[in-house]
Amino acid sequence: MNYETVLADMIAVARDAGALTLEHFKRFRELEIGIKGPADFVSDADKESELLIRKVLFERYPDWSFTGEEFDPVDTDNEHRWLVDPIDGTTNFINGMHYTISIALRRGNETVIGVLYNPPAEEMFWSIAGQGAFMNGERLSVSDQADIGLFNIGTGLPTPGLQLYPGAYERLDAIRAPVGAVRIVGSAANSCAYVALGRLTGYYEETGFVDTAAGILLVQEAGGVVTDWWGRGPDIYERTGTLIVANKATHAYLIEKLKHVPMKNPPLTSPFGGEVGA
């Protein structure tokens, strides 16, 4: 299979979705907002973006499965599956802040292509497994920073109603004192991209795999380390979302600080809405 052709299609549809969402973004004060759950917002732009991406990808690859954030999955192919977050960082989006469009292609149990697009910044990130990570044509490499006092670490902070790991603020307090800075980017996908680019030395959060599949590939291809909070691999973090993406030094620091969080068993179901990765 020619993944270069598939990548070109993914980049093109990400740009189209970017153009569509930017029209809404320019009018962020007027957006109609729904609520999927506690502090989990959705806008008309999310739905329109996913429908556009679905339409184009199914026209080009009609037999491949599709899992998105806004609609039920389509399970047609056990080998290939699209993972799409049409707007990652909806809270950012509805407040006029940067957001990300995330498209990943899975083949079997592996992510083989990832595309992330930040439309307001016009930053297009992409990666093919084994071929490196890029932004707007520039090859990416994670930061080589090893001085804890200069670490720039990304995370997210849940509102109390979200059913996530308890103790988010305690974990933040545990990691923040010696490091240079902690940043909340507001998009898990964009946080991964920033690690691949070197803007962040690391990022940790409990988040959805559909949001981060493309970003994880970027970080890996840029030379970063990806595990769950206890150093375990994709068979765990793809299911639980307890994710660390970082350069080597920041990863070691975060593992040390997060290892006392009680583990919980991953769910038995696939994180994709189908059998891929099960």
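What counts, and at which threshold
Residues numbered from 1 in each chain as written. Predicted model: local features only at pLDDT ≥ 70, side-chain atom pairs only at ≥ 80, totals over all residues. Heavy atoms only, no water. Helix = DSSP H or I, 4+ residues; strand = E, 2+ residues; numbered from the N terminus. Buried < 20%, exposed > 50% of the residue type's maximum accessible area, 1.4 Å probe, protein only. Contact = heavy atoms within 4.5 Å. Areas by Shrake-Rupley, 256 points an atom, 1.4 Å probe, with all protein chains shown as cover. Pairing = 2+ DSSP bridges. Axes fitted to C-alpha atoms, helices over the stretch in contact; angles between N-to-C directions. UniProt positions renumbered as here; feature names shortened; annotations may be inferred. Phe/Tyr/Trp six-rings, centres within 6.5 Å; stacked < 30°, edge-to-face > 60°. Lys NZ or Arg CZ within 6 Å of the ring centre and 35° of its normal. Patch = residues over 30% accessible without salt bridge, like charges linked within 9 Å, V, L, I, M, F, W, Y side chains within 5 Å. Salt bridge = Lys/Arg side-chain N within 4 Å of Asp/Glu carboxyl O.

Draft legend 1. Quick peek at the overall build of the chain. Of the regular secondary structure elements, the chain holds 8 helices and 14 strands. Taken across its 278 residues, the chain has 54% of its residues classed as buried. Contacts in the chain between residues at least 24 apart in sequence constitute 63% of all its contacts with a sequence separation of at least 6. Accessible surface computed for the chain: about 12100 Å², of which carbon and sulfur atoms make up 50%.

Draft legend 2. Region of interest: the sheet that holds strand β11 (residues 181–183). In space, the 5 strands of this open sheet follow the order β11-β10-β12-β14-β13, with mixed pairing throughout. What marks the edges here is a single partner per strand, and that holds for β11 and β13 (225–227). Between one strand axis and the next, the sheet turns through 15° on average, direction left out of account. Across the face of the sheet, helix α8 (residues 248–258) comes into contact with β10 (152–154), β12 (202–206), β13 and β14 (242–246) while running at roughly 150° to β14.

Draft legend 3. Region of the structure containing the UniProt feature "binding site: Mg(2+)" (unreviewed entry) in the chain. Under the feature "binding site: Mg(2+)" (unreviewed entry), the UniProt entry names Glu69, Asp85, Ile87, Asp88 and Asp211. Annotated residues spanning 143 residues; largest pairwise C-alpha distance 9.2 Å, indicating a single compact cluster. Relative to the helices and strands, Glu69 resides in the loop between β3 (65–68) and β4 (80–88). Classification of Glu69 by relative accessible area gives partly exposed; the value is 30%. One can find Asp211 in helix α6 (residues 209–221). Apart from the residues lying within four places of it in its own chain, the contact partners of Asp211 are Glu69, Asp85, Asp88, Ser102, Ala188 and Ala189.

Draft legend 4. Expanded view of unusual backbone geometry. Unusually for a residue other than glycine, Glu122 sits at a positive phi of about 55°. Its location among the elements puts Glu122 in the loop between β6 (110–118) and β7 (123–128). Phi angles above zero are rare outside glycine, and Asn136 is one such case at about 50°. Following the sequence through the fold, Asn136 ends up in the loop between β8 (133–135) and β9 (138–139).

Draft legend 5. Just the packing of aromatic side chains, in detail. By the definition in use, this model includes 10 aromatic pairs. Seen in terms of ring centroids, Phe58 and Phe66 are 5.7 Å apart; in terms of plane orientation they differ by 35°. Their pairing is tilted. In this structure an aromatic cluster arises from ring pairing among Phe25, Phe93 and Tyr99. The ring of Tyr117 has Arg15 sitting right over it, with the charged end atom 5.6 Å from the ring centre.

Draft legend 6. Focus on a nonpolar patch on the surface. A surface patch of nonpolar side chains, amounting to about 290 Å² of accessible area, comprises Leu157, Tyr169 and Ile184. Position of Tyr169 relative to the elements: it lies in helix α4 (residues 168–176).

Draft legend 7. Quick peek at the pairing of β14. In terms of burial, β14 is largely enclosed, as 5 of its 5 residues are buried. Judged by which residues are buried, β14 turns out to be covered on both faces: Thr242, Ile244 and Ala246 on one side and Leu243 and Val245 on the other are all buried. Bridging between β13 and β14 involves 3 bridges; their strand directions are antiparallel. Counterpart to Val225 in the pairing with β14 is Ala246.

Draft legend 8. A look at the sheet that holds β6. Here 7 strands make up an open sheet; going across it, the order is β3-β4-β5-β6-β7-β8-β9 and the pairing mixed. Two strands in the sheet have a free side with no partner beyond their single neighbour: β3 and β9. Note: β4 against strand β5 (residues 100–107), 7 bridges, orientation antiparallel. Bridging from a neighbouring strand, Arg81 pairs with Arg106 of β5. Sitting on the sheet, helix α1 (residues 3–25) touches β4, β5, β6 and β7, and the angle it makes with β6 is about 30°.

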